[in-house]
Every structure is written in C-alpha cells, then in structure tokens.
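Observations on the three-dimensional arrangement
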Amino acid sequence: MMPAHETYDVIVIGAGAGGMTAAAVAAAEGLRVLVIEKTAFVGGTTAWSGGMVWIPANAKMKEAGLSDSITDAVQYLSSTVPEPANAGLRAAFLARGPEAIAYLEANTEVRLQPVKVYPDYYPERLGATSGGRVLEPVAFNGTRLGQAFARLRAPLPEFTLFGGMMVNRLDIPHLRRIGKSLRSTLRAARLVSQYAFQRLRSPRGTTLHLGNALAARLYASLLARQVEFLFSTDVEDLSMQGDRVGGVVIRHGSRDRSIAARRGVVIATGGFSHDAILRKRFFPAAAGFVSATNASVTGDGLRLAAAAGAALNTDATSPAYWVPVSLFRRGDGSRGVFPHTVTDRAKPGVIAINAAGRRFVNEALSYHEFVLAMLRDGDGEPDRPFYLICDRAFLWAYGLGRIKPYTRNVRHYVASGELVEAADVAQLAAKVGIKPSVLTATIANYNEGASEGRDPEFGRGSTVYQRHLGDAAHKPNPCVAPVASAPFFAMRIHPADLGTAIGMKVDAQARVLREDGTPIAGLYACGNDMGSIMNGNYPGPGITLGPALTFGYIAGRHLAEKAAVAIGTAAASSSV
C-alpha cells in the first residue's frame, strides 16, 4: 500500500502513544498527517501496558477533590530526580502536561480518569501525593473501530482471562472474591457473560482497558480525522533540504520512494530496547538482554536522527526503566515475558532471594528500584539467578507471575521448568542450586518477624505505596506473612527493561537538537526516542506515558503554529 499523496504537512514515524498523540494534535489543528508504522499494528508497547499517565496538578484531581500544585510536584521531583540535567524539560512537562490532557479530551477520543488512590513511588519525600497524579484510560468499546479493530495490537495474553477478556483494576478484587461475596460473584458473572457475547463477533474481547484502551482511543481519534497510515513500512532515511528535514525515504518493494513533509517529521519509534549493539553500549552487563517491550523497538528512530546530525542525551542515572520478569514458553512456542510489576511481589508471603539464597531487597519497592537492587547485587555478572520464593497458601491466594490465583493444577508450569516445586525448603534449595542450609536460615529469619507482621531486615510494608500494593485484608501488615505451608515454590526472575531512557536531545518544543544545542529544523521526537526528562529515574506510575503524551502534544502544537505562521506570512506577501 502506498500513500495517497506525495506531500504531507506532518509525517509521524511510529504508532505508539507518543507518535499517535503528535499525529492526533496536528490533525486536530487542520494539518494533513501521515503515520508510518513498521509493524502491522498500532499501539506499540503502550497496548501492552497499564496505560497509566502521570500528570501532576491535572484538572481532574481538583474535580475529584484531591489537592496538588506545581510547587509540590517541583519539590517532589527535586528529590527523586536530583540531577540538574533536563531541568528545563521537566519544567515544560509540569507546565504543559495539564494543558495537554485538557486539549486531548476536548479535541480527540482520549478520555482519562484520576486514580484516586495510587501513591507516588517515594511517598515519604516532600511533595509526594497518595493519588490523583496518575490518570488511567476510561474503558473503550473496540467495536467502535470497526474493521480497524484488527489493526490494534492485542494485550499480552497473560493479562487477559479466558483467552482474551480484559479486566480493569477495580474488577480484580471482585474476581478474587467469587463465591465469597454475592456482589462480587454477580459482577464476575456479568463480565463473563458480556465477554462471551463479544466473542461471538470478535476474536477477542472488545471491552478495552488499560494501555489497550489508550491506544484504541488515540487510533480512533486519528481515524476520525482521516489520518493516513502506512503499515509494515520501514523508513530508510530522512530526506534533507539543506540543513532542514523535509520528509522521509521509504522502501517500497525493491525501490526507495520519497515522501515530503512541509512542516516536519516526528520520530516516535519507541527507543532501542531490542537493539543488541545499543544495549551493549549503554546498559550494564548485569542487565542481560531481556526486555518487556515490543520486539519492534530496535533503535530505528535514533539511527535516522543521528544521520541527520542529532545529539544523544546520555545524562541518565539509569539507561532504562526497569522491571523484574519471569520467562516462559507459550503454547504456540513463542517466548513469554511476564513483568512482575504489582501483582505479586508486595503481597504477604513471598520473598526474593539472590544466587546465594539470601534476601537482597524490600520486595514491595517499585519495580524500577527492585531491579536496581538486582543489578547491584549481581556485581556486574550477567545472567545471575534470582528467585521469588513462596508457599502453597501464597500461590493459591495471589498467584505468581502469569500463574493466576486459585489455580488448582500447576503441574504444567512445573513440568516446563517455569515453576520449581518441592516438599520442603531444603529440597527446594537443592533444586535451584542453592545451599539448603542458607535458604532454610533465610526463610526462618524472615518468618520470625513475619509471624508478627514485621520485617526487621528491610521494613517491608513501611510506606503507603508498599501497603497499597499489599493485601489490605491481611493484618497487621498487608505486605508480610510467613512462608510456611508446604509445598514450596520458586520462580526465577530476570532484570528487564520497560523502555529506554537514553534518547535524542530535544528542546521544550520537542525539536531535536544537534550537539551544539541548535534545533534541527523540521525534526521532532517524543516517547522513548526522546531522552528521559527524568534522567532514568522513576518517581511514579506513568512517568513514561505522561511525558510521551505531553511532548507528543507539544510537537503537534508547534508544527501547527509553524503552519499558521507560514500561512500568515504568505497572506501578507500576497496583499503587498
């Protein structure tokens, strides 16, 4: 398929959240937009994500009766992002983030709602909030996309039920209370019956939540504005007009074809998580080569921009945003990567151990901090083993990794090696190659305090964020319980990235910069192709999507302003 025109106002490379936001804003401002996507689907890694968007002092907080201010946000970021680098970009994000959300809700299909209780990741720091800075997508009916629904990247199957049913954050507690609460049982029955009806007409459920709903809403916005898409298309190069980017060169069959962009090109290809060369250059050796991002994220945008003279922003305390993952094989033979974000690590009755069989971290810390502890413990050694250890009671109540709660038969997971099972702790240690006496002592030491809801070694459950991720029904500490009921289980976990933090240098208008700090005319970047405004720190849930939407919006508005200036200049010239 070829584009309908030789020239567009704006060309966006990449159909993730950042790219589609830039395209949606430019289109809403009346510009002709083309989106080029290297895969057959829209959504990128966003479609797999929780879809959380971190925007301090957003208007929806006030509507929900929650207080916040830019001053508080600045104070919070000053301690969680202490490095001076990119301070101007953080200021632009704080100033224009609420504006971006208001614009998207007024001019596109994007609808977000505040998560009233979801603490910042460092709630003890000054300026932190216990909720409201995080916005989540409102559920979306996928049938509104019509045939284009097939172009929306499906969520990870491990985050769905019954082969394709999505549930939202508030459904999960009810699903855990099936048979225990009439209200919860009726709610679950309604969800399942709705899903069964949807499957009569669709290969998966059409009630969309989380990042899938955000991607769908952005896609619907582009379709409504007649934005054109080129799928399964690689951009070979940026075409230059002097020192200005004037379009792109794509490969069509065996021939290259140029497409012009009057106002500019936005690069939003998602970073370089799956590029081995760039990972080796920027990542610590202990990080290995595992990523929780979409496999199409291979550094295309960075290479295109570098050829045009773009500078990389390497001022990052961490080159990536981290998450612990477990690995497995799906029924179709593909490798699965399960991110252990919020479903298991902070629940009462599980511990994390290192290769020596000892605990090394507070398991209820944010996933980013958890992996930083893994990397420190690994002493730079790649593929160093780490495990989550739990007992039968924990596995039944909370599940582990992709194993869902109330799973009666785990033999398949044990047979595949994904889950290790043993009748006692010493046997479990032997099976995973750990000295039995060490693991036995580790669990005994943990259980001594856990029986009273305490964790003297790491203070698990000591902050509102940690308690939020625990089990509120478990007393006295929602994050702490003994590991005591045979059989015992181990699941290996690996450090992985959720996205790269090193990317192009940009200014407050999302324009890509050269090494000397001057902008490359006609070239913009957002999402993970743009260097992290947080310098690789992770202050709260949604701090990748928050800046992605904000700077996608900024890019779209700046491109539209350039077009308006050009039209005004042309009109003035014609009247002379």
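Residues numbered from 1 in each chain as written. Predicted model: local features only at pLDDT ≥ 70, side-chain atom pairs only at ≥ 80, totals over all residues. Heavy atoms only, no water.

**Some words on the side chain of Arg345**
When you line up the elements, Arg345 lands in the loop between strand 14 (335-339) and strand 15 (350-353). We note that Arg345 is buried and unpaired, the nearest opposite charge coming from Asp344 at a distance of 4.9 Å. Among the polar contacts made by the side chain of Arg345, one reaches the main-chain carbonyl oxygen of Leu365 at a distance of 3.0 Å. Leaving out residues up to four positions away in the same chain, Arg345 has contacts with Pro324, His340, Val350, Glu363, Ala364, Leu365, Ser366, Tyr367, Phe370, Leu388 and Arg460. (Helix = DSSP H or I, 4+ residues; strand = E, 2+ residues; numbered from the N terminus. Buried < 20%, exposed > 50% of the residue type's maximum accessible area, 1.4 Å probe, protein only. Lys, Arg positive; Asp, Glu negative; His and termini not counted. Salt bridge = Lys/Arg side-chain N within 4 Å of Asp/Glu carboxyl O. Polar contact = N/O pair within 3.5 Å; in protein donor to acceptor, adjacent residues only side chain to side chain. Contact = heavy atoms within 4.5 Å.)

**Observations concerning the sheet that holds strand 5 (residues 134-137)**
Within a sheet, neighbouring strands are paired by backbone hydrogen bonds and run either parallel or antiparallel to one another. With antiparallel pairing, three strands are arranged side by side in an open sheet as 3-5-4. If you trace the sheet from one side to the other, it starts and ends with strand 3 (53-54) and strand 4 (112-114), each paired once. When strand 4 meets strand 5, the two strands line up antiparallel, connected through three bridges. Residue Leu112 lies in a different strand from strand 5, and its bridge partner there is Pro137. (Pairing = 2+ DSSP bridges.)

**Regarding the packing of helix 1 (residues 17-28) against helix 7 (residues 210-224)**
Between helix 1 and helix 7, the shortest axis-to-axis distance is 9 Å and the interhelical angle comes to 30°. Considering the angle they form, helix 1 stands roughly parallel to helix 7. Judged by the sense of rotation from one axis to the other, the crossing of helix 1 with helix 7 is left-handed. Taken together, the residues of helix 7 that come into contact with helix 1 (itself represented by Ala17, Met20, Thr21, Ala23 and Ala24) are Ala215, Leu218, Tyr219, Ser221 and Leu222. For the contact of helix 1 with helix 7, the residue count by class is eight nonpolar, two polar and no charged. (Axes fitted to C-alpha atoms, helices over the stretch in contact; angles between N-to-C directions. Parallel < 35°, antiparallel > 145°, perpendicular 65-115°, else oblique. Left-handed = near helix turned anticlockwise from the far one by under 90°. Nonpolar A, V, L, I, M, F, W, Y, C, P; charged D, E, K, R; others polar.)

**Concerning helix 9 (residues 300-307)**
Inspection of helix 9 places Gly301, Leu302, Leu304 and Ala305 among the buried residues, and these make up the whole buried set. Viewed end-on, helix 9 has its buried residues packed into an arc of 165°, placing them on one side of the element. Of the surrounding elements, those touching the buried residues of helix 9 are strand 1 (7-13), strand 9 (235-241), strand 11 (255-267), strand 12 (312-313), strand 19 (503-504) and strand 21 (519-525). With its phi angle positive at about 100°, Gly309 sits one or two positions after the end of helix 9. (Arc of directions from axis to C-beta.)

**Digging into the nonpolar core**
Residues Val33, Leu238, Val248, Val265 and Phe551 are the most contacted members of the largest nonpolar core, which totals 168 residues. The element contributing the most residues to this core is helix 1, with nine residues. Ignoring anything within four residues of it in the chain, the contact list for Leu238 reads Ile13, Val245, Gly247, Val248, Val265, Ile267, Leu304, Ala305, Ala308 and Leu523. By size, the runner-up hydrophobic cluster in this structure holds seven residues, among which are Leu161, Met165, Ala188 and Tyr195. (Core = buried A, V, L, I, M, F, W, Y, C linked by side-chain atoms within 4.5 Å.)

**Points about the pairing of strand 11**
Alignment of strand 1 against strand 11, held across six bridges, turns out to be parallel. Paired with Val12 across the strands is Val266, a residue of strand 11. Note that strand 10 (residues 244-252) and strand 11 share six bridges and pair antiparallel. Opposite Ile250, over in strand 11, you have Arg257 as the bridge partner.

**Thoughts on the pairing of strand 18 (residues 488-500)**
With eleven of its 13 residues buried, strand 18 lies for the most part within the structure. As judged from the six bridges shared by strand 13 (residues 320-329) and strand 18, these two strands associate in the antiparallel manner. Each residue of the ladder has a partner; that of Val325, found in strand 18, is His494. As paired strands, strand 16 (residues 386-391) and strand 18 are joined by six bridges and run antiparallel to one another. Looking across to strand 18, one finds that Cys390 is bridged to Phe489. Looking at chain direction, strand 17 (residues 420-422) and strand 18 are connected through three bridges and run antiparallel. Each bridged residue has a counterpart across the sheet, and for Val420 the counterpart in strand 18 is Ala490.

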